[in-house]
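Notes for the structure review
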Amino acid sequence: MSDESGRPTATDGYIEPIVGLLGLSFALMAGITAPRLLSGDPAEAVLPIAFAVGSLATIWFRRQYAAAARDGE
């Protein structure tokens, strides 16, 4: 990725590690809040499910970005 001047942009090489750490933190928070999911109250299940969906979304975004970066090279 570069702009019209041919210089690399500031985001080259930073997006994948940041998204990976974000996905790891979402997965960690989903694991920490898993007892709420198993407690039986459906209202308490929203938070761990949201963290799990966030983790899966970051994994998907990272794969899409990696594929686009490979195609661009």
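Thresholds applied
- Residues numbered from 1 in each chain as written.
- Predicted model: local features only at pLDDT ≥ 70, side-chain atom pairs only at ≥ 80, totals over all residues.
- Heavy atoms only, no water.
- Helix = DSSP H or I, 4+ residues; strand = E, 2+ residues; numbered from the N terminus.
- Buried < 20%, exposed > 50% of the residue type's maximum accessible area, 1.4 Å probe, protein only.
- Contact = heavy atoms within 4.5 Å.
- Areas by Shrake-Rupley, 256 points an atom, 1.4 Å probe, with all protein chains shown as cover.
- Polar contact = N/O pair within 3.5 Å; in protein donor to acceptor, adjacent residues only side chain to side chain.
- Patch = residues over 30% accessible without salt bridge, like charges linked within 9 Å, V, L, I, M, F, W, Y side chains within 5 Å.
- Salt bridge = Lys/Arg side-chain N within 4 Å of Asp/Glu carboxyl O.
- pLDDT = per-residue confidence, 0-100.

**Points about the overall build of the chain**
For the chain, the helix and strand inventory stands at 3 helices and 0 strands. The linear arrangement of helices and strands in the chain, starting from the amino end, is α-α-α. Residues classed as buried in the chain amount to 16% of the 73 residues present. Pairs at least 24 residues apart make up 46% of the contacts formed inside the chain by residues separated by at least 6 positions. Within the structure as shown, the chain displays about 5,600 Å² of accessible surface, and the carbon and sulfur contribution to it stands at 67%.

**Some points on the side chain of Thr 58**
Mapped onto the elements, Thr 58 comes out in helix 3 (residues 46–72). A distance of 2.7 Å separates the side chain of Thr 58 from the backbone oxygen of Ser 55, its partner in a polar contact. Contact partners of Thr 58, with chain neighbours within four places excluded, come to Val 19, Leu 22, Gly 23 and Phe 26.

**Comments concerning a nonpolar patch on the surface**
Nonpolar side chains collect at one region of the surface, where Leu 37, Leu 38, Ile 49 and Val 53 lie side by side and expose about 390 Å² of accessible area between them. Within the residue set of the nonpolar patch, elements represented by two or more residues are helix 2 (34–38) and helix 3.

**Structural notes on the confidence of the model for the chain**
Per-residue confidence for the chain gives a mean pLDDT of 80, with 81% of residues at or over 70. Mean pLDDT across the secondary structure elements of the chain bottoms out at helix 2, with 84, and peaks at helix 1 (residues 15–32), with 88.

**Thoughts on the environment of Gly 31**
Relative to the elements of secondary structure, Gly 31 occurs in helix 1. Taking relative accessible area as the criterion, Gly 31 reaches 46% and is therefore assigned partly exposed. Each C-alpha atom of the pair Gly 31 and Ala 52 lies 8.5 Å from the other, and the pair is 21 residues apart in sequence.

**Some thoughts on the side chain of Ser 55**
Within the fold, Ser 55 resides in helix 3. You can call Ser 55 buried: its relative accessible area is 9%. Leave out the neighbours within four places in its chain, and Ser 55 touches Gly 23, Phe 26 and Ala 27.

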